[in-house]
Amino acid sequence: MLGRLNHVAIAVPDLEAAARTYREKLGATVSDPLPQPAHGVTVVFVDVDNTRIELINPLGERSPIAAFLEKNPSGGIHHMCFEVDDILVARDQLKSVGLRVLGDGEPKIGAHDKPVLFLHPKDLNGTLVELQQA
Ligand SMILES: CC[C@H](C(=O)O)C(=O)SCCNC(=O)CCNC(=O)[C@H](O)C(C)(C)COP(=O)(O)OP(=O)(O)OC[C@H]1O[C@@H](n2cnc3c(N)ncnc32)[C@H](O)[C@@H]1OP(=O)(O)O
Ligand SMILES: [Co+2]
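These numbers were taken from a predicted model, which means no experiment stands behind them. (Residues numbered from 1 in each chain as written. Chains lettered and ligands numbered in written order. Predicted model: local features only at pLDDT ≥ 70, side-chain atom pairs only at ≥ 80, totals over all residues. Heavy atoms only, no water.)

**Student:** Just checking my understanding: could you explain the site of ligand 1 for this structure?
**Tutor:** Looking at ligand 1, there are 21 residues lining it, with Glu-54, His-78, His-79, Ala-111 and Lys-122 nearest. Lys-122 places a side-chain nitrogen or oxygen 2.8 Å from an oxygen atom of ligand 1. Side-chain polar atom of Glu-130 to an oxygen atom of ligand 1: 3.1 Å apart, as the coordinates give it. Here ligand 1 loses 71% of its free accessible area of 1,100 Å² to cover by the protein chains. Listed by contribution, the elements that provide at least two residues to the shell around ligand 1 are helix 2 (66-71), strand 6 (76-84) and strand 9 (128-133). (Near = heavy atom within 4 Å. Polar contact = N/O pair within 3.5 Å; in protein donor to acceptor, adjacent residues only side chain to side chain. Areas by Shrake-Rupley, 256 points an atom, 1.4 Å probe, with all protein chains shown as cover. Helix = DSSP H or I, 4+ residues; strand = E, 2+ residues; numbered from the N terminus.)

**Student:** Please explain the coordination of the cobalt ion (ligand 2) as it appears in this structure.
**Tutor:** Octahedral metal centres with six donors ideally show angles of 90 or 180 degrees, and tetrahedral centres with four donors ideally show 109.5 degrees. Within the first shell, the cobalt ion (ligand 2) binds the protein through His-7 (NE2), His-79 (NE2) and Glu-130 (OE), at distances of 2.0 to 2.2 Å. Going along the chain, you hit the donors of the cobalt ion (ligand 2) in the pattern H-x71-H-x50-E. Taken as a pair, His-7 in strand 1 (residues 5-11) and His-79 in strand 6 lie far apart in primary sequence, 72 residues in all. The buried category is assigned to His-7, whose relative accessible area is 0%. (Donors = N, O, S within 2.8 Å, 3.2 Å for Na, K, Ca; no water. Buried < 20%, exposed > 50% of the residue type's maximum accessible area, 1.4 Å probe, protein only.)

**Student:** Help me understand the pattern of salt bridges, please; the structure alone is not making it clear to me.
**Tutor:** Here the idea is simple: oppositely charged side chains can pair when their charged atoms come close. Applying the stated rule across the entire model yields five salt bridges. We note a salt bridge from Arg-4 to Glu-83, for which the minimum N-O separation is 2.8 Å. Within this pair, whereas Arg-4 is found in the segment before strand 1, its partner Glu-83 is found in strand 6, the two being separated by 79 residues in sequence. Residue classification places Arg-4 among the partly exposed positions, given a relative accessible area of 42%. A salt bridge links Arg-91 to Glu-106; the nearest nitrogen and oxygen atoms lie 3.2 Å apart. (Salt bridge = Lys/Arg side-chain N within 4 Å of Asp/Glu carboxyl O.)

**Student:** Sorry, what's going on with the environment of Leu-119 here?
**Tutor:** The residue Leu-119 is located in strand 8 (residues 115-119) in this model. You can call Leu-119 buried: its relative accessible area is 5%. Expressed as a C-alpha distance, the spacing of Leu-119 and Ile-65, which sit 54 residues apart in the sequence, is 15 Å. Beyond its immediate stretch of four places on either side in the chain, Leu-119 contacts Leu-94, Leu-99, Arg-100, Val-101, Leu-102, Leu-124, Leu-128, Val-129 and Leu-131. (Contact = heavy atoms within 4.5 Å.)

**Student:** What's the story with the UniProt feature "domain: VOC" (unreviewed entry) in the protein chain in this structure? I'm lost.
**Tutor:** If you check UniProt for "domain: VOC" (unreviewed entry), the listed places come out as residues 4-134 in our numbering. A distance of 9 Å separates the end C-alpha atoms of residues 4-134, which is 21% helix and 37% strand. (UniProt positions renumbered as here; feature names shortened; annotations may be inferred.)

**Student:** It is not clear to me how the nonpolar core should be interpreted in this structure. Could you clarify?
**Tutor:** Buried together is how nonpolar side chains tend to be arranged in soluble globular proteins. By size, the foremost hydrophobic cluster in this structure holds twelve residues: Val-8, Ile-10, Val-12, Leu-15, Ala-18, Ala-19, Ala-28, Val-30, Val-44, Val-46, Ile-53 and Leu-55. Only strand 1, helix 1 (15-25), strand 4 (41-47) and strand 5 (52-58) provide two or more residues apiece to this core. For this core, the leading source of residues is helix 1, giving three residues. Once residues lying within four places of it in the same chain are set aside, the contact partners of Val-12 are Ala-18, Leu-55, Ile-56, Asn-57, Pro-58 and Leu-69. Of all hydrophobic cores here, the second largest spans eleven residues; its members include Phe-82, Val-84, Leu-99 and Leu-119. (Core = buried A, V, L, I, M, F, W, Y, C linked by side-chain atoms within 4.5 Å.)

Structure representation (structure tokens):
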């Protein structure tokens, strides 16, 4: 079911500083900050050979990553995203084996303009997993 690793997201307390580190110290190509109000984050994309890093910072009052940063004030790996061929088939299959889908269970359009869903971290060894329609 799981296709390629589409991205790994890192929650950061200072988006500009994190982007500068990846650009200047790691020599990476990084995007400008891209507000994603529907997801309550601002994201900077860091392109690497075989996947992508997303540096994410809370946007707005009700960001889903605010509590994570309170618990991890210097930041940390927030989630990883796998591509799936059919996100609705994958969702129903994962629910049938007892994995919890977050929110109302309906895919939302993510930062890559594709439908995405999230699975509860407590069901996956403390790791928040995002699924994105390939
Ligand atoms: C622009 C879109 C972009 C893309 O397209 O790629 C994105 O990915 S946007 C990413 C931001 N959006 C989301 O993360 C949506 C899904 N996340 C959520 O719904 C929440 O973050 C949730 C429910 C996972 C956690 O919310 P919150 O921290 O407010 O709730 P709790 O404190 O009750 O947490 C429950 C339990 O889970 C642990 N936790 C929370 N976040 C993570 C995490 N990222 N990785 C691992 N574990 C996590 C938290 O510590 C609690 O554990 P406990 O032992 O009970 O304290
Ligand atoms: Co993501």
